[in-house]
Amino acid sequence: MAVVNRIAAYQEEMKGWRRHLHQYPELGLECYDTAAFVVERLKEFGVDEIHTGIAETGVVALIHGQEKGGVTGLRADMDALPMEEETGAEYASKISGKMHACGHDGHTTMLLGAAKYLAETRKFSGTVALIFQPAEETIGGGGLMVDEGMMERFGIEEVYALHTDPNGEVGTFSTCLGPIMAAVDDFDIVLRGKGGHAAHPDENIDPIPAALSIGMALQTISSRNADPLGAIVVSLTQVQAGSAKNVTPETVLLAGTVRTFDPAIREMAEKRLHEIVQGQAASYCLTAEIDYQKSYPPTINHAAQTEFAVAVASEVCGSENIIDDIKPSMGAEDFSYMLNARPGSYLQIGQGLGPSLHHPKFDFNDDIAPIGASFFARLIETRQPLNKD
């Protein structure tokens, strides 16, 4: 495995950074201490520029190479999840109800490792833009950074990201051309009838039969309305109603998520959900309020950039450790906004089999941090090489 020797020498230091971040997780846009830690390290490394306060706590740092050239962005997410940790690690979260259960502490560490190396060696032309992003798990901090003009402000031409994979063997990389993660939309439905005594149903307008009917009917969006070869998931995940066995409730709350890749299927699903809910509600003499929230777009890898990133990953870990045709996931990722704004690619790095992402026993494997940092470093040196003349 061709881990950069100088980065390999950082391993214990990187482990210290990662375990510090793991103990102090922050949520959403409120990554103040995490951003401060990142900025402190970047200053130690001697990067050329540090820009803070983008999307509240986002950070962009610039390192200039030895010659003029383009600008490539490397992104890491910083935020954690609102859950209790069960790893039992000595460096477990010290913040109740918050945990790094998706590896963002490791992503930040890998990018910091690459930053230290690139600032020391500068064996590249042009500029590398190091993007440390908040709120990937919540409101799409990546989209906010794009909306605030990050790409134009720093002249970013391409952008790349890594995500740890607890289903992949240590040192493997996986990705695919085109869609790799889905668009995500969420919905909340309130069915409103007339409550009353459950012994006198004729005096009430019961929303529960309608809720059950809607729950079944929503599945026809994927089974009867979508192209059978098109990928779509419609999941009803919450049904809330009633407070007593002898009371017909006034309202029922239904909530769930829709995952798609194709924009036409995405639009169809929203349209059909409204039609099904309103039609079923009317047939039961109910009213329906629908809040349909469009969230992250699909994460779509660009062909040329993905082929290039795969070649770099092959150099770092060997072609036998590359999977370049994984099946797309119905999960979502707000790096999608950056890939909508600029060409680039999103890859996964295997950390060894273990608890899944978002599991209370998940923990980033510190052994892969030098591998991910080496990938980022070699990507820049290969994409923006020095003029050999």
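Overview of the structure. (Residues numbered from 1 in each chain as written. Predicted model: local features only at pLDDT ≥ 70, side-chain atom pairs only at ≥ 80, totals over all residues. Heavy atoms only, no water.)

Here's the deal with the sheet that holds strand β13 (residues 287-294)
Reasoning step 1: In space, the four strands of this open sheet follow the order β10-β12-β8-β13, with antiparallel pairing throughout. Each edge of the open sheet carries a strand with a single partner, namely β10 (232-241) and β13. Taking each pair of neighbouring strands and ignoring which way they run, the sheet shows an average axis angle of 15°.
Reasoning step 2: Pairing of strand β8 (residues 183-192) with β13 involves eight bridges; the strand directions are antiparallel. Bridge pairing in β13 places D188 opposite D291.
Reasoning step 3: Sheet strands in contact with helix α7 (residues 208-217) are β8, β10 and β12 (251-260), and its direction is about 10° off that of β12.
Reasoning step 4: Along the sheet, helix α9 (residues 263-283) makes contact with β8, β10, β12 and β13, crossing β13 at roughly 165°. (Pairing = 2+ DSSP bridges. Helix = DSSP H or I, 4+ residues; strand = E, 2+ residues; numbered from the N terminus. Axes fitted to C-alpha atoms, helices over the stretch in contact; angles between N-to-C directions. Contact = heavy atoms within 4.5 Å.)

Observations regarding unusual backbone geometry
The bulk of non-glycine residues show a negative phi, and the bulk of peptide bonds are trans.
Reasoning step 1: Here A135, not a glycine, exhibits a phi torsion of approximately 60°, which is positive.
Reasoning step 2: Inspection of the secondary structure assignment puts A135 in the loop between β4 (125-133) and α5 (141-147).
Reasoning step 3: According to the relative accessible area criterion, A135 is buried, its value standing at 0%.
Reasoning step 4: Phi angles above zero are rare outside glycine, and H358 is one such case at about 70°.
Reasoning step 5: Secondary-structure assignment places H358 in the loop between β16 (344-350) and α12 (369-383).
Reasoning step 6: A relative accessible area of 39% means that H358 is categorised as partly exposed. (Buried < 20%, exposed > 50% of the residue type's maximum accessible area, 1.4 Å probe, protein only.)

Brief notes about the packing of aromatic side chains
Reasoning step 1: Summed over all chains, the structure comprises six aromatic pairs.
Reasoning step 2: Ring centres 5.9 Å apart and planes at 50° place the aromatic pair F375 and F376 in the tilted group. Each member of the pair, F375 as well as F376, is classed as buried.
Reasoning step 3: A connected cluster of aromatic rings, assembled from ring pairs, spans F173, F375 and F376.
Reasoning step 4: For the cation-ring pair, K116 lies above Y10, with the distance from its terminal atom to the ring centre recorded as 4.7 Å.
Reasoning step 5: The positively charged end of R383 is found above the aromatic ring belonging to F308, 4.3 Å away from the centroid. (Phe/Tyr/Trp six-rings, centres within 6.5 Å; stacked < 30°, edge-to-face > 60°. Lys NZ or Arg CZ within 6 Å of the ring centre and 35° of its normal.)

A closer look at α9
Reasoning step 1: The end-to-end C-alpha separation of α9 is 30 Å, in line with the 30 Å expected for 21 residues at 1.5 Å each.
Reasoning step 2: Where α9 is concerned, the buried positions are I265, R266, M268, A269, L273, I276, V277, Q280 and A281.
Reasoning step 3: Those residues of α9 that are buried are in contact with β8, α7, α8 (220-225), β10, β12 and β13.
Reasoning step 4: If you check the start of α9, you find a side-chain oxygen 2.6 Å away from the backbone N of A264, and it comes from D262.
Reasoning step 5: Just downstream of α9 lies C285, where phi reads positive at about 65°. (Expected span 1.5 Å × (residues − 1). Polar contact = N/O pair within 3.5 Å; in protein donor to acceptor, adjacent residues only side chain to side chain.)

Re the nonpolar core
Reasoning step 1: Membership of the largest hydrophobic core comes to 56 residues, with the highest contact counts inside it found for L42, I63, L74, L130, F132, F173 and F375.
Reasoning step 2: Grouped together as the second largest cluster of nonpolar side chains are 25 residues, A211, I265, A269 and A281 included. (Core = buried A, V, L, I, M, F, W, Y, C linked by side-chain atoms within 4.5 Å.)

Some words on a negative patch on the surface
Reasoning step 1: Residues E30, E56, D147 and E148 make up a contiguous surface patch of negative charge.
Reasoning step 2: Considering the arrangement of structural elements, one finds D147 in helix α5.
Reasoning step 3: Looking at D147, the relative accessible area reads 66%, which means it is exposed. (Patch = residues over 30% accessible without salt bridge, like charges linked within 9 Å, V, L, I, M, F, W, Y side chains within 5 Å. Areas by Shrake-Rupley, 256 points an atom, 1.4 Å probe, with all protein chains shown as cover. Salt bridge = Lys/Arg side-chain N within 4 Å of Asp/Glu carboxyl O. Lys, Arg positive; Asp, Glu negative; His and termini not counted. Charge placed at Lys NZ, Arg CZ, Asp CG, Glu CD.)

Topic: the pattern of salt bridges
Reasoning step 1: All told, the structure shown has 23 salt bridges when counted by the stated rule.
Reasoning step 2: A salt bridge links R383 to E158, with the shortest nitrogen-to-oxygen separation between them at 2.8 Å. One end of the pair, R383, is in helix α12; the other, E158, is in strand β5 (residues 158-165), with 225 residues separating them in the sequence.
Reasoning step 3: Classification of R383 by relative accessible area gives partly exposed; the value is 30%.
Reasoning step 4: Residue E158 is classed as buried on the basis of its relative accessible area, which comes to 12%.
Reasoning step 5: A salt bridge links E267 to K294; the shortest N-O distance between them is 2.2 Å. Taken together, the residues E267 in helix α9 and K294 in strand β13 connect sequence positions 27 residues apart.
Reasoning step 6: The class for K294 is partly exposed, based on a relative accessible area of 41%.
Reasoning step 7: A single salt-bridge network, built from bridges that share partners, covers R18, R19, D105, D363 and D366.

A short note on the packing of α7 against α9
Reasoning step 1: Axis separation between α7 and α9 bottoms out at 10 Å; the angle between their running directions is 150°. In terms of orientation, α7 and α9 fall into the roughly antiparallel class. Remark: the crossing between α7 and α9 carries right-handed chirality. Across the interface between the two elements, S213, I214 and A217 of α7 pack against I276, V277 and Q280 of α9.
Reasoning step 2: A class-by-class count of the residues in the contact of α7 with α9 yields four nonpolar, two polar and no charged. (Parallel < 35°, antiparallel > 145°, perpendicular 65-115°, else oblique. Left-handed = near helix turned anticlockwise from the far one by under 90°. Nonpolar A, V, L, I, M, F, W, Y, C, P; charged D, E, K, R; others polar.)

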